[in-house]
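The chain contents come next:
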Amino acid sequence: ESSPYRHEPVEDWYIVGEEIGSGHFAVVKKVVCKRSGTEFAAKFIRKKRASTSRRGARREDIEREISILQELNHVNIIKLYDIFEDKQDVTLILELVSGGELFDFIAERDVLHESEATAFIAQVLEGLAHMHLKNIAHLDLKPENILLTNRAQAVIKLIDFGISRKIEDGKNEIQMLGTPEFVAPEVIAYEPLGLYTDMWAVGVITYILLSGCSPFLGDNKQETFANICAVDFSFDDEFFGNTSDLAKDFIRGLLVKHPGRRASVTDCLSHPWIKPINDRQKEERKEAKTNLERFKTFNARRKWKQSLKVVSLCNRLSRSIKNRNNMNGDEAQEEDEEESFVLRTLFHCIEDSNLG
Ligand code: ATP
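Visitor: Tell me about the packing of helix α4 (residues 114-133) against helix α6 (residues 195-211), and name the residues and values.
Guide: The N-to-C vectors of α4 and α6 enclose an angle of 165 degrees; their axes lie 11 Å apart at closest approach. On the basis of the axis angle, α4 is roughly antiparallel to α6. Here α4 runs over α6; the crossing is right-handed. Residues Glu 114, Ala 117, Ile 121, Leu 125, Leu 128 and His 132 of α4 touch α6, and the partners they reach there are Leu 195, Asp 198, Met 199, Val 202, Thr 206, Leu 209 and Leu 210. When grouped by side-chain class, the residues that make up the contact of α4 with α6 number nine nonpolar, two polar and two charged.

The structure is reproduced here in structure tokens:
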């Protein structure tokens, strides 16, 4: 098998340490480069073995994620340093981000003025502007994918380019679903996605950051989708009592059904909420406060939902065990790997959610 990636064991070059995260087909671990002593994050992506297999990432998806990461070079976007490949995994050596999720950092604060919130949103926009200039859409922007380098400097890094796409001719015919709460109307309507699809997500994230409420969240997925399609949101005084008009105007420009009329990343970067042009606007931002009390509740609920992942992993494990009858050697080995993968992820989730 020939591939442009390094066919040496990762362990020859890096000391592999603790697990720091996991996703669908990937485990992320902290590693230290043996030569330089520098720390990195290694994302071990499990390859799909057979085209019929339910597990592992498809080669074309892995290669797409890699080529997108290779094209990007910006302070607010995770950097890719090296790529290894063995029989089981493709491993990405990434810049290590150790400050956790932006939303967790904010939830620990006592007050957050709008002027501080805009500093965070501006960094998200700077990262996006770099991507959009190269016609790359992230397509999975959500709180889980906005991390901080460390808590002292609080530099934002966007991660997880697993479903990102190069957008040709301004739009892309691909169909996919991100996370219900954050997807744009065109995603639900199976219409072409584009750079504008990310801008909708920025609107939802900003709305939540300021109010602690999720603008379209319904009791179930269908209700959420219906709310999104109807662009059914408002700035309820109960939650937006301390929010500036500039901020509301910024959000209104993004939560627009028609992709062509939605604010672009450059529109956003020059919006007075992000870049005030006079003292009155600066003052307006400074006086306004985010609804941190409610935001803390929102974030706790979000964390709780993440821990529900445990339940779905348990189901996956029990399915795997049930599948064991009537299996040949190869399939049984794949099942072994599935079980150890699920168990590892499960332990990790339990650790994270304080259930353990
Ligand atoms: P998903 O299935 O959710 O799309 P994924 O398999 O594409 O995930 P990532 O989202 O890239 O994997 O990474 C999984 C988790 O690992 C992240 O949510 C994050 O907590 C952690 N992580 C990823 N990259 C880094 C990094 N460079 N530094 C620190 N932690 C990271």
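Here the narrative resumes, following the displayed structure.
Visitor: With reference to specific residues and values, describe the side chain of Ser 244.
Guide: Within the fold, Ser 244 resides in the loop between α8 (237-240) and α9 (245-254). Polar side-chain contacts of Ser 244 include one of 2.6 Å to the side chain of Glu 114. Residue contacts for Ser 244: discarding those within four places in its chain leaves Glu 114, Trp 273, Glu 284 and Ala 288.

Visitor: Lay out empty space enclosed by the protein with the relevant residues and their values.
Guide: Rolling a probe over the atoms, with the probe sized like a water molecule, indicates the empty space that remains. One pass over the structure, following the stated rule, counts two cavities of 30 Å³ or more. In this model, the largest cavity occupies a volume close to 120 Å³. If you trace the largest cavity, you find 15 residues lining it, with Leu 139, Asp 140, Gly 178, Val 183 and Thr 197 closest to the centre. Residue contributions to the lining of the largest cavity peak at three residues, all from α6. A per-class count over the lining of the largest cavity returns ten nonpolar, three polar and two charged. The calculated volume of the second largest cavity comes to roughly 80 Å³. Lining the second largest cavity are Arg 46, Lys 47, Lys 48, Arg 49, Ser 53, Arg 55, Gly 56, Gln 88, Glu 334 and Glu 337.

Cut-off values and rules
- Residues numbered from 1 in each chain as written.
- Predicted model: local features only at pLDDT ≥ 70, side-chain atom pairs only at ≥ 80, totals over all residues.
- Heavy atoms only, no water.
- Axes fitted to C-alpha atoms, helices over the stretch in contact; angles between N-to-C directions.
- Helix = DSSP H or I, 4+ residues; strand = E, 2+ residues; numbered from the N terminus.
- Parallel < 35°, antiparallel > 145°, perpendicular 65-115°, else oblique.
- Left-handed = near helix turned anticlockwise from the far one by under 90°.
- Contact = heavy atoms within 4.5 Å.
- Nonpolar A, V, L, I, M, F, W, Y, C, P; charged D, E, K, R; others polar.
- Polar contact = N/O pair within 3.5 Å; in protein donor to acceptor, adjacent residues only side chain to side chain.
- 1 Å grid on protein atoms, 1.4 Å probe; cavity = no way out; pocket = protein on both sides within 12 Å on 5 of 7 lines; lining within 4 Å.
- Points joined across faces, edges and corners; volume = space filled by probe spheres on them.

On their own, these measurements won't tell you what the molecule is for.
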